[in-house]
Amino acid sequence: MNKNVQFITGLKGVRSIVAVTAYDTIIATIADRADVDLILVGDSVGTTLLGFDSTIPVTLDMMVHHTAAVVRAKTSAMVVSDIPFPVAHKSFETLLNSCSRLMQLAGAGAVKIEGGAEMADKVSKLVNAGIPVVGHIGLLPQRYHVLGGYRKYGKSATDKTDLINDAKFLQDAGAFAIVGEMIDAELAAKISKSIDIPLIGIGCGSSCDGQILVSTDLLGLTQGKIPSFVKKYADLSQSIEQAFKNYVDDVIGNKTN
Ligand code: KIV
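Anyway, here's the lowdown on the structure attached to this text. (Residues numbered from 1 in each chain as written. Predicted model: local features only at pLDDT ≥ 70, side-chain atom pairs only at ≥ 80, totals over all residues. Heavy atoms only, no water.)

## Quick look at the pattern of salt bridges
In total, this model carries ten salt bridges according to the counting rule given. A salt bridge links aspartate 37 to arginine 15; the shortest N-O distance between them is 2.8 Å. Remark: arginine 15 occurs in the loop between α1 (5–10) and β1 (17–21) and aspartate 37 occurs in the loop between α2 (25–33) and β2 (38–41); sequence separation between them is 22 residues. For aspartate 37, a relative accessible area of 0% corresponds to the buried category. For aspartate 61, the salt bridge is made with arginine 101, and the minimal N-O distance between the two is 2.9 Å. With a gap of 40 residues between them, aspartate 61 in helix α4 (residues 60–71) and arginine 101 in helix α5 (residues 92–105) connect regions that are remote in the sequence. Residue aspartate 61 is classed as partly exposed on the basis of its relative accessible area of 48%. (Salt bridge = Lys/Arg side-chain N within 4 Å of Asp/Glu carboxyl O. Helix = DSSP H or I, 4+ residues; strand = E, 2+ residues; numbered from the N terminus. Buried < 20%, exposed > 50% of the residue type's maximum accessible area, 1.4 Å probe, protein only.)

## Section: the nonpolar core
Judged by nonpolar contacts, the single largest core of 75 residues is most densely connected at Ile83, Ile113 and Ile191. Beyond its immediate sequence surroundings of up to four residues, isoleucine 113 is in contact with Ile83, Ala88, Leu95, Met119, Leu126, Val133, Val134, Gly135 and His136. (Core = buried A, V, L, I, M, F, W, Y, C linked by side-chain atoms within 4.5 Å. Contact = heavy atoms within 4.5 Å.)

## Comments concerning the sheet that holds strand β6 (residues 177–181)
The eight strands are arranged β1-β2-β3-β4-β5-β6-β7-β8 in a closed barrel whose pairing can be described as parallel. For this sheet, the mean angle separating the axes of adjacent strands, direction not counted, is 25°. Relative to β2, β1 runs parallel, the two sharing three bridges. Note that in β2 the partner of alanine 19 across the bridge is leucine 38. (Pairing = 2+ DSSP bridges. Axes fitted to C-alpha atoms, helices over the stretch in contact; angles between N-to-C directions.)

## Things to note about the pairing of β1
Most of β1 sits inside the fold, with four of its five residues counted as buried. As paired strands, β1 and strand β8 (residues 210–213) are joined by four bridges and run parallel to one another. Bridged to valine 18 within β8 is glutamine 211. With α2 bridging β1 and the parallel β2, this β-α-β connection has right-handed handedness. (Right-handed = clockwise from strand over helix to strand, strands pointing away.)

## Thoughts on unusual backbone geometry
With an omega of -15°, the peptide bond running from phenylalanine 85 to proline 86 counts as cis. For proline 86, the position within the fold is in the loop between β3 (78–82) and α5.

## Here's the deal with the site of the ligand
Around the ligand, the structure places Thr21, Leu40, Gly42, Asp43, Ser44, Asp82, Lys112, His136, Val179, Glu181 and Ile202. Measuring from an oxygen atom of the ligand, one finds a side-chain N or O atom of aspartate 43 at 3.1 Å. Here an oxygen atom of the ligand and a side-chain polar atom of serine 44 are 2.5 Å apart. Considered on its own, the ligand offers 260 Å² of accessible surface; in the complex 96% of this is hidden by protein. (Near = heavy atom within 4 Å. Polar contact = N/O pair within 3.5 Å; in protein donor to acceptor, adjacent residues only side chain to side chain. Areas by Shrake-Rupley, 256 points an atom, 1.4 Å probe, with all protein chains shown as cover.)

## Notes on the side chain of glutamine 171
Mapped onto the fold, glutamine 171 is located in helix α8 (residues 157–173). In contact with glutamine 171, other than residues within four places in its own chain, are Ile195, Asp196 and Ile197.

## Focus: α5
Its 14 residues give α5 an end-to-end C-alpha distance of 19 Å, which sits within 8% of 20 Å, the value for a rise of 1.5 Å per residue. All buried positions along α5 are accounted for by Leu95, Ser98, Cys99 and Leu102. Each buried residue of α5 sits inside an arc of 100° when the element is viewed along its axis, so together they form one side. Exposed side chains of α5 directed beyond 90 degrees from the buried face belong to Glu93, Gln104 and Leu105. The inward-facing, buried residues of α5 contact α4, β3, β4 (110–114) and α6 (120–128). Backbone geometry just after α5 places glycine 107 at a positive phi near 95°. (Expected span 1.5 Å × (residues − 1). Arc of directions from axis to C-beta.)

Below you can see the structure in the form of structure tokens.
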């Protein structure tokens, strides 16, 4: 069964939505076999696979390339593609053209846009043009250079009001789901209760309507630090290193077929 917008929104209040990032055909195929609901081709591809220090250098061409690879896995999970920096802040026409490249050329089923209330107008126009949109509030990695470091959101009174507002504006604009990143767990639970669309959390506690993790983090492939909230479900880095070591030994010892 193909998981579409209606399927994802219909899970709210029924069971937790399971979302994960993927950037290529292999991981998307395997995640789909495990029955995840939503695959995000995140601009985190920049930091997870491409060696950049932030998501800022990720271009639309890169997103099209990785989205197309994920779509070729022909998953029943819904494929959502990230709008990279700073496309959502350019003219609406540029944003619309970028969405159409991700959907028509690469085959994404929806796009994700970082930002809250300030993006509502554009989200509304995209939805009117037939483009399903996922919002993204809380920590916004594309604002890395103004944030001066990653932190938890939703502790201060201003943060609280702003984040609840952001979620409501995005819902009213027609977003079908919202990713909440690094939001205080109590506030995330409150946001989830205050909107009718799903809030899919990462580092937001367990009371959201779903969870999303970066695949390389949960698989133990990330080289270097991973966020403290991530549970590692495998240690693939170690397994792969061992496999390469065995290969090296076999070749040096003339033990290959
Ligand atoms: O790019 C990404 O992977 C994301 C997730 C952290 C939600 O936006």
